[in-house]
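# Report on the structure
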Amino acid sequence: MEKTQTLIIGAGISGLSTAAALGDAEYLVIDADSAIGGYCKTIKKDGFVWDYSGHFFHFKNPEIEAWLRERMQGQQIITCEKKSFIAYGGDWVDFPFQKNIHQLPKTDFIDCLYDLYFAKPNEQAEGSFLDMIYGRFGKSISEKFLVPYNEKLYACDLSSLDKDAMGRFFPHADVDDIIHNMKIPDNQSYNATFTYPEGGAIEYVNAIASAVKPDAICLDEALVGIDLDRKVARTTRREIGFERLVSSAPFNHLARIAGLEHQEEAFTWNKVLVFNLGFDRKGPRDVHWVYYPNRERVFYRVGFYDNIFDADRMSLYVEVGLTSDAEVDVEASRARVLEDLAREGLIDDHELVAYHALVMDPAYVHINQQAKSEVERLNKVLNDCGVYSIGRYGGWTYCSIEDNIIEARELVASWQAD
């Protein structure tokens, strides 16, 4: 049986960042896929560069961004001020919706302002994400955008989500913020600017991987079982003894293969059908994201790759939220997406010259108290056995790619400090 000091499950951002932080220490990275990157892979087809989904990178930590850029020599990286809008009533409203209600038609604006003014925020009464939305923003803002959009995104009843399900990524605003924004626009958010390399999101993955020992990455090898008592992992190829194991796999999957009794019903999620679409000519300019709360449109968001580098052909990614058990008909969905893009005026006589589709499953995990309690309880058992679950799916949380890098580094630092 082979042995390693640290066994890392998953060669995505979290796993590779863990390996990079370990430096010259002994480790092994395994991944069931045939290529590194996880959900940050990039597809290049007929001159278009697409990611598995829209990964626009937002950095709060200059050191991390500089560290990545140093490892991307020769790669053009552009920094953009994000331009995002909401499709509403046949027009576009600046994002976030709640700070730009003054851009709505007069009647809708009055409804939103009236309900906002008389809303009675009460954190003690906010038992769910739905409660939080209604309590803080009132009926009109909630029902015109926040509820329908997020129901399309998460593909679930919002009352089943924790009030802080989106954490710092939810664009909160109070009455003063909203009124102030009517005169002096301030739509800053956690991702007001983003960076993007010409080679796609995979370039960030490659940058991290450049700090990982090449012979320590094993692809096409899936983890199928963990003996916590013996500290032995069983893969599709072999058994590997470990002192520590770090996993970025979905938390419920890790609990299952580790043989831990857990409440499977506590873990719910959606999946997202992503279409990358390349057209023969340009579409709208000066836009990176458009959000679609309209329930008659199958997609909830459209992103414009071509407006990052000002390409001469429109390059889109289109996201469709689905329940975890939904059956996916890619061709029928693509036809519907194209119809809805035309209805929204994004395409008219454009010719689709290239496309790519994938299903992200899981995509967004559903964060609630039951899931959080199970993660906390089971993590104590796993940590006592030298097993650590990290990342968006491993932590069953909502976080950024930069957060994944920081978490991996802090985990390794905690071992080194012992």
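For the structure given in this document, a descriptive report is provided here.

Rules behind the numbers
Residues numbered from 1 in each chain as written. Predicted model: local features only at pLDDT ≥ 70, side-chain atom pairs only at ≥ 80, totals over all residues. Heavy atoms only, no water. Pairing = 2+ DSSP bridges. Helix = DSSP H or I, 4+ residues; strand = E, 2+ residues; numbered from the N terminus. Axes fitted to C-alpha atoms, helices over the stretch in contact; angles between N-to-C directions. Phe/Tyr/Trp six-rings, centres within 6.5 Å; stacked < 30°, edge-to-face > 60°. Buried < 20%, exposed > 50% of the residue type's maximum accessible area, 1.4 Å probe, protein only. Salt bridge = Lys/Arg side-chain N within 4 Å of Asp/Glu carboxyl O.

## A few points about the sheet that holds strand S17 (residues 352-360)
Strand order in the open sheet formed by 7 strands is S7-S6-S14-S15-S16-S13-S17, with mixed pairing between adjacent strands. With one partner strand each, in any of the chains shown, strand S7 (91-94) and S17 form the two edges of the open sheet. Strand-to-strand, the axes of this sheet are offset by a mean angle of 25°, without reference to chain direction. As paired strands, strand S14 (residues 289-291) and strand S15 (residues 301-304) are joined by 3 bridges and run antiparallel to one another. Considered in S15, the bridge of Tyr291 is made with Arg301.

## Topic: the packing of aromatic side chains
A full pass over the atoms with the stated rule returns 28 aromatic pairs. With 6.1 Å between their ring centres and 50° between their planes, Phe137 and Phe170 make a pair best called tilted. Residue Phe137 is located in helix H4 (residues 129-154), and its partner Phe170 is located in the loop between H4 and helix H5 (175-183); the two are separated by 33 residues in the primary sequence. Across the pair, Phe170 and Phe137 agree in class, each one buried.

## Observations regarding the pattern of salt bridges
Opposite charge on two side chains allows them to pair when their charged atoms are near. The final tally for this structure, using the stated rule, is 28 salt bridges. Residue Lys282 is joined to Asp310 by a salt bridge in which the shortest nitrogen-to-oxygen separation is 3.8 Å. Of the two residues, Lys282 is situated in the loop between strand S13 (270-279) and S14 and Asp310 in the loop between S15 and strand S16 (315-323); the sequence distance between them amounts to 28 residues. Residue classification places Lys282 among the buried residues on the basis of a relative accessible area of 12%. Across the salt bridge formed by Glu319 and Arg301, the nearest N and O atoms sit 2.6 Å from each other. With a gap of 18 residues between them, Glu319 in strand S16 and Arg301 in strand S15 connect regions that are remote in the sequence. Neither residue differs from the other here; Glu319 and Arg301 are each classed as buried.

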